[in-house]
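Fold and contact review
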Amino acid sequence: MFDLTLAELAKGLQKREFSSVELTQAYLSRIHDKDSLYNSYITVCDQQALKQAAAADARIEQGDAGLFTGLPIAHKDLFCTKGIKTSCGSRILDNFISPYDATLVSRFNEAGAVTLGKTNMDEFAMGSSTENSYFGPSRNPWDTERVPGGSSGGSAVAVSARLAPATTGSDTGGSIRQPAALCGITGIKPTYGRVSRYGMVAYASSFDQAGPMTRTAEDAAMMLQVMAGADPLDSTCADQPVPDYLAGLNTPLDGLKIGLPKEFFADELDPAIAEQVQNAIREYEKLGASVQEISLPNTRLSIPAYYILAPAEASTNLSRFDGVRYGYRCADPKDLEDLYKRSRGEGFGSEVQRRILVGTYALSEGYYDAYYRKAQQIRRLIQQDYINALQQVDVIMGPTTPHPAFRIGEKSNDPVSMYMEDIFTLSLNLAGLPGMSIPCGQTAGLPVGLQIIGNYFAEAKLLNVAHQFQLATDWHKQTPAGI
Ligand code: GLN
């Protein structure tokens with residue numbers, strides 16, 4: 001049962017091979033049995049999950065079920081879930097029980113999905129390894145001494161270790177694609193505005209975007225179908241028609257034009273990763289695609305630009321956590337200033353504090369023009385690079401990450417080397433474009449991710465391109481030893 005994809009589980013439910021209660025119970029037991037090793041969940045919702053599963057079974061019985069009814073999933077712990085703790089991986093929200101559901105969560109609930117629990121993450125989605133979680137790091141199922149990536153590390157581990165058939169994640173600079181790559185699963189970051197951000201705790205509002213993390217592109221299509229679409233509660237959510245993602249999966253790839261940015265195959269790339277990505281590209285040529293070199297000249301500037309702009313937005317977004325309205329409050333404050341200082345000092349971890357300081361500095365009078373405005377100008381140049389490139393090709397491909405999963409602790413004292421791991425993912429968020437990572441090979445027993453980038457609102461194309469690869473190859477079926 002744990003090896004079945006969402007699509008297969010949906011068929012099993014429809015044919016009554018098992019009930020949603022049985023399926024949910026099986027996953028809950030497995031989580032209680034195995035997750036102490038992986039730490040992929042912050043909260044497991046046994047009672048609510050079984051209630052939702054029983055309701056789903058009743059819907060299936062009455063013939064009132066949709067494709068998603070009865071399927072268990074888990075949400076990254078930054079999506080607000082009514083009546084359930086929403087910690088964002090932080091001490092400051094460790095006691096926060098959300099009074100409402102995020103739009104994304106209510107859409108899954110309405111579709112009849114079952115919420116198994118809330119997954120571990122870097123605090124406020126800041127990080128590339130899940131080591132910044134107040135609840136301790138998640139562990140990569142391919143080698144538990146290594147990180148799963150971040151910030152949606154718990155969501156990636158849960159899928160990879162078969163502790164959930166699928167999960168949600170969020171991607172501000174790579175947090176869906178990078179952990180998907182390091183854990184050997186499929187993840188898609190949709191176009192900015194494709195999925196509502198209402199009820200998703202904000203890190204950097206002009207970058208944040210939610211998306212699915214699954215075993216296959218077909219499952220990602222099923223998930224995105226539920227998530228995507230306009231939302232009156234989020235004015236940045238685009239009022240664009242949502243295509244039938246499953247229907248688009250089977251278009252043949254004859255004549256597909258793939259662009260390989262030469263900057264993505266530069267010095268920092270591990271040669272073993274380059275080789276796996278090249279093999280995947282050859283597979284695409286066999287499927288009828290043609291390949292050409294392109295250039296995204298400002299790729300290198302994406303790291304400095306992102307690490308000014310995202311902290312700047314974070315510094316304002318996180319000012320709401322003040323120990324007054326909700327969340328952690330320090331003991332016995334002397335006065336209001338002491339309350340603010342100690343609640344925030346004790347409630348936020350060191351990476352979050354670092355970013356608040358960097359962001360506040362970049363926005364301060366006198367430095368604004370030198371840093372914030374410059375970074376915004378670079379953001380525009382990066383977007384223009386992509387717009388130019390996507391006039392020549394249908395999709396852009398390259399590695400998702402420069403290296404496979406690194407060891408826990410290896411980079412935690414060196415923030416810049418951690419930031420460098422984001423070199424191939426950040427630029428998409430600066431441009432607002434959709435991107436996907438699928439497993440395309442292995443090096444020394446660790447998974448390698450292929451990144452596929454498309455034009456605005458071209459998620460159907462990305463899913464199609466990924467699905468055709470998964471029909472022709474087995475990388476997405478590889479399972480970590482001992483799972
Ligand atoms: N790793 C990047 C960061 O630390 C991206 C995080 C994300 O996408 N949420 O900010």
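Below: a short report on this structure. Please read these numbers as outputs of a predicted model, since none were measured by experiment.

A cluster of nonpolar side chains, namely Val324, Leu336 and Tyr340, defines an oily patch on the protein surface of about 250 Å² accessible area. The topology assignment puts Leu336 in helix α10 (residues 336–347).

Attention now goes to helix α4 (residues 103–111). An α-helical turn contains 3.6 residues, so a residue and the one three or four places further along point in the same direction. Every buried residue belonging to α4 is among Thr103, Leu104, Val105, Arg107, Phe108 and Ala111, and all of these are buried. Residues of α4 that are buried in the fold lie against α3 (46–61), β2 (72–76), β4 (167–171), β6 (209–214) and α7 (217–227). Remark: Gly112 follows α4 within two positions and exhibits a positive phi of approximately 95°.

Looking now at the packing of aromatic side chains. A full pass over the atoms with the stated rule returns 18 aromatic pairs. Centre to centre, the rings of Tyr361 and Tyr371 are 5.9 Å apart; their planes meet at 50°, and the pair counts as tilted. Linking Tyr361 in helix α11 (residues 350–363) with Tyr371 in helix α12 (residues 368–392), this pair joins segments that are 10 residues apart in sequence. Its relative accessible area of 41% is what places Tyr361 among the partly exposed residues. We classify Tyr371 as partly exposed; its relative accessible area is 34%. Taken together, the ring pairs in this structure connect Phe96, Phe124, Phe321, Tyr326 and Phe348 into an aromatic cluster. The ring of Phe207 carries the charged tip of Arg379 above its face, separated from the ring centre by 4.1 Å. Looking at Lys411, its charged tip hangs above the ring of Phe406, at a distance of 5.3 Å from the centre.

The next point concerns unusual backbone geometry. Cis rather than trans, the peptide bond between Gly150 and Ser151 has omega equal to 5°. Position of Ser151 relative to the elements: it lies in the loop between β3 (114–119) and α5 (153–160). Of note in the backbone geometry, Phe124 takes a positive phi value of approximately 55° without being a glycine. Looking at the element boundaries, Phe124 is found in the loop between β3 and α5.

Moving on to α3. In a regular helix each residue adds 1.5 Å, so 16 residues correspond to 22 Å; α3 covers 22 Å between its end C-alpha atoms and thus fits that length. All buried positions along α3 are accounted for by Ala49, Gln52, Ala53, Ala56, Asp57 and Ile60. Axial view of α3: buried residues confined to an arc of 145°, hence all on one face. Away from the buried face of α3 by more than 90 degrees, exposed residues Gln47, Lys51 and Glu61 are located. Backbone geometry just after α3 places Gly63 at a positive phi near 75°.

With that settled, consider the packing of helix α9 (residues 302–317) against α11. Interaxial distance between α9 and α11 falls to 7 Å at its minimum, and their mutual angle equals 100°. By the criterion of interaxial angle, the relationship of α9 to α11 is roughly perpendicular. Residue-level inspection shows Tyr307, Ile308, Pro311, Ala312, Ser315 and Thr316 of α9 in contact with α11, the latter providing Arg355, Ile356, Val358, Gly359, Thr360, Ala362 and Leu363. In terms of residue class, the contact of α9 with α11 is made up of eight nonpolar, four polar and one charged.

Before going further, it helps to spend a moment on the site of the ligand. Taken together, 15 residues form the shell around the ligand, and within it Ala125, Gly173, Ser175, Tyr306 and Arg355 come nearest. The backbone of Ala125 places a nitrogen or oxygen atom 2.7 Å from a nitrogen atom of the ligand. Between an oxygen atom of the ligand and a main-chain N or O atom of Gly127, the distance comes to 2.9 Å. Here the ligand loses 100% of its free accessible area of 290 Å² to cover by the protein chains. Residue composition of the shell around the ligand, by class: five nonpolar, seven polar and three charged.

Turning next to the pattern of salt bridges. As a working rule, side chains carrying opposite charge can pair if their charged atoms are close by. Under the counting rule described, the total for this entry stands at 18 salt bridges. One salt bridge connects Arg146 with Asp143, and the closest N-O pair in it is separated by 2.9 Å. Among the residues examined, Arg146 registers a relative accessible area of 16% and is labelled buried. Salt-bridge contacts for Lys286 lead to Glu283; the nearest nitrogen and oxygen are separated by 3.5 Å. On the criterion of helical spacing, the pair formed by Lys286 and Glu283 is a turn pair, its members being three residues apart in helix α8 (residues 271–286). The exposure class assigned to Glu283 is buried, which follows from its relative accessible area of 17%. What emerges from the salt-bridge pattern is a single network uniting Asp338, Arg342 and Glu346.

Reading guide: rules and limits
Throughout, residues of each chain are indexed from 1 in the direction in which the sequence is written. Only residues with pLDDT of at least 70 are given local features in this predicted model, and only at 80 or more are side-chain atom pairs given and counted; all residues enter the totals for whole chains, interfaces and linings. For side-chain calculations, the full set of non-hydrogen atoms in the structure is used, while hydrogens and water are omitted. Candidate patch residues must exceed 30% relative accessible area and have no salt bridge, after which like charges are joined if within 9 Å and Val, Leu, Ile, Met, Phe, Trp or Tyr side chains if within 5 Å. The method behind every accessible area is Shrake-Rupley, applied with a 1.4 Å probe, and residues are considered shielded solely by the protein chains displayed. Salt bridges, as used here, are contacts in which a Lys or Arg side-chain nitrogen is within 4 Å of a carboxyl oxygen on Asp or Glu. Only runs of H or I of at least four residues qualify as helices and only runs of E of at least two qualify as strands under DSSP, and these elements are numbered from the N terminus. Accessible area is worked out with a 1.4 Å probe on protein chains only. A residue is then buried under 20% of its type maximum, exposed over 50%, and partly exposed in between. Between two residues, a contact is recorded if the distance between any of their heavy atoms is within 4.5 Å. Only the six-membered ring of Trp is used, alongside the rings of Phe and Tyr, when aromatic pairs are assigned; centres must lie within 6.5 Å, and planes under 30 degrees apart are stacked while those over 60 apart are edge-to-face, with the rest tilted. Lysine and arginine charges are scored as sitting over a ring when NZ or CZ, respectively, is within 6 Å of the ring centre and within 35 degrees of the ring normal. To estimate the expected span of a helix, subtract one from its residue number and multiply by 1.5 Å. Here the arc refers to the set of directions running from the helix axis out to each C-beta atom. To define axes, lines are fitted to C-alpha atoms, for helices over the stretch in contact only, and angles between the resulting N-to-C directions are given on a 0 to 180 degree scale. Orientation categories follow fixed angle ranges, with anything under 35 degrees roughly parallel, anything over 145 roughly antiparallel, 65 to 115 roughly perpendicular, and all other angles oblique. Each residue is assigned to one class: nonpolar for Ala, Val, Leu, Ile, Met, Phe, Trp, Tyr, Cys and Pro, charged for Asp, Glu, Lys and Arg, and polar for all the others, Gly among them. We call a residue near a molecule or strand whenever a single non-hydrogen atom of that residue lies within 4 Å of it. Whenever two N or O atoms come within 3.5 Å, that pair is a polar contact, provided that in protein one can donate a hydrogen and the other can accept it, and provided that, for residues adjacent in sequence, both atoms are side-chain atoms.

Everything listed here is a matter of coordinates, which is why it stays silent on function.
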